[in-house]
Amino acid sequence: EPEVTQTPSHQVTQMGQEVILRCVPISNHLYFYWYRQILGQKVEFLVSFYNNEISEKSEIFDDQFSVERPDGSNFTLKIRSTKLEDSAMYFCASSERQGQTEAFFGQGTRLTVV
Amino acid sequence: DQQVKQNSPSLSVQEGRISILNCDYTNSMFDYFLWYKKYPAEGPTFLISISSIKDKNEDGRFTVFLNKSAKHLSLHIVPSQPGDSAVYFCAARGSGGYNKLIFGAGTRLAVHP
């Protein structure tokens, strides 16, 4: 069964460092998303991406965040200068159709900022 | 953001019985609702969804009911199995565009033999 894959599964970084979280969405999907879940809190929307551009972003997704689809398969989330409060599980998701009906999520990357 | 609420943080059910997970929402513009299941160290897995124009959707052991007037939906699992033990998230989507999903806080379901 096709699945969304994310690497690495766990990333530890020092505060102020840049991190890149990587995702390989399902191959025929056209819509891509990043969500995060801070420990003990809700899953929160960060950004959606379609046709090589951001289609929607939340207030969390400030100038420190960026997304890119550098080739035909990868979808990345970059945090330029990490803060302690960026520590969370980051989930990538993709969907075939608009509107995130039946969006498929990856297993997540646990980001720990120390 | 309290637009989607799951007021029960946990639920314990005996194997074979019905599990009922509840979700309330405040935004009447939501047009689509989804339930996801999540195991530890895994991402959310899509379970079942319902459009706001319907009041029921069934898929095997899983049924979702939507009461628009009460802004309430529920997920019924029958019969419950130990493998159903997980955290269940209710999510809602706004109408139009590339809409984000707004998640509830989740309900941890434990199905015991």
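Residues numbered from 1 in each chain as written. Chains lettered and ligands numbered in written order. Predicted model: local features only at pLDDT ≥ 70, side-chain atom pairs only at ≥ 80, totals over all residues. Heavy atoms only, no water.

## As for the pattern of salt bridges
Right, so step 1: This model, assessed by the stated rule, comprises three salt bridges over all chains.
Right, so step 2: A:E44 is paired through a salt bridge with A:R36; the nearest N and O atoms lie 3.3 Å apart.
Right, so step 3: On the basis of relative accessibility, which here comes to 24%, the residue A:E44 falls in the partly exposed class.
Right, so step 4: Accessibility expressed as a relative area gives 10% for A:R36, which makes it buried.
Right, so step 5: One salt bridge in this structure joins B:R93 and B:D31, with 2.8 Å as the shortest N-O distance. Here the residue B:R93 occupies a position in strand β9 (residues 86-94), and B:D31 occupies one in strand β4 (residues 30-38), the gap between them amounting to 62 residues. (Salt bridge = Lys/Arg side-chain N within 4 Å of Asp/Glu carboxyl O. Buried < 20%, exposed > 50% of the residue type's maximum accessible area, 1.4 Å probe, protein only. Helix = DSSP H or I, 4+ residues; strand = E, 2+ residues; numbered from the N terminus.)

## Here we look at unusual backbone geometry
Right, so step 1: In the segment running from A:T7 into A:P8, the intervening peptide bond is cis, with an omega of -10°.
Right, so step 2: Within the fold, A:P8 resides in the loop between β1 (5-7) and β2 (10-13).
Right, so step 3: Residue B:V78 is joined to B:P79 through a cis peptide bond whose omega torsion reads -10°.
Right, so step 4: Relative to the assigned elements, B:P79 resides in the loop between β8 (72-77) and β9.
Right, so step 5: Phi at B:A41 is positive, roughly 65°, even though this residue is not glycine.
Right, so step 6: Counting through the fold element by element, B:A41 comes out in the loop between β4 and β5 (45-51).

## Focus on the pairing of strand β8 (residues 75-79) of chain A
Residue and element names in this part refer to chain A.
Right, so step 1: Burial within β8 is extensive, with four of its five residues counted as buried.
Right, so step 2: Pairing geometry for strand β3 (residues 19-24) and β8, over five bridges, is antiparallel. Considered in β8, the bridge of L21 is made with L77.
Right, so step 3: Sheet topology places strand β7 (residues 65-68) next to β8; four bridges connect them, and they run antiparallel. Opposite V67, over in β8, you have L77 as the bridge partner.
Right, so step 4: Adjacent in sequence and paired antiparallel, β7 and β8 are bridged by six residues. (Pairing = 2+ DSSP bridges.)

## A few points about the sheet that holds strand β3 (residues 19-25) of chain B
Remark on secondary structure: sheet strands pair via backbone hydrogen bonds, oriented parallel or antiparallel.
All names here are of chain B.
Right, so step 1: In space, the five strands of this open sheet follow the order β1-β3-β8-β7-β6, with antiparallel pairing throughout. With one partner strand each, in any of the chains shown, β1 (4-5) and β6 (56-59) form the two edges of the open sheet.
Right, so step 2: Alignment of strand β7 (residues 62-67) against β8, held across six bridges, turns out to be antiparallel. Counterpart to N67 in the pairing with β8 is H72.

## A word on the environment of A:D71
All names here are of chain A.
Right, so step 1: Considering the arrangement of structural elements, one finds D71 in the loop between β7 and β8.
Right, so step 2: Among the residues examined, D71 registers a relative accessible area of 37% and is labelled partly exposed.
Right, so step 3: For the pair D71 and F32, spaced 39 residues apart in sequence, the C-alpha separation works out to 14 Å.

## Remarks on the state of the cysteines
Right, so step 1: In this structure the tally under the stated criterion is two disulfides over all chains.
Right, so step 2: With its sulfur 2.0 Å from that of its partner, A:C23 forms a disulfide with A:C92. The disulfide joining A:C23 to A:C92 has a torsion of about -65° about its S-S bond and is therefore left-handed. Linking A:C23 in strand β3 with A:C92 in strand β9 (residues 88-95), this pair joins segments that are 69 residues apart in sequence.
Right, so step 3: A residue is classified by how much of its surface remains accessible, and A:C23, at 0% relative accessible area, is buried.
Right, so step 4: Accessibility expressed as a relative area gives 0% for A:C92, which makes it buried.
Right, so step 5: Note that B:C23 is cross-linked by a disulfide to B:C90, the S-S spacing being 2.0 Å. (Disulfide = S-S within 2.5 Å.)

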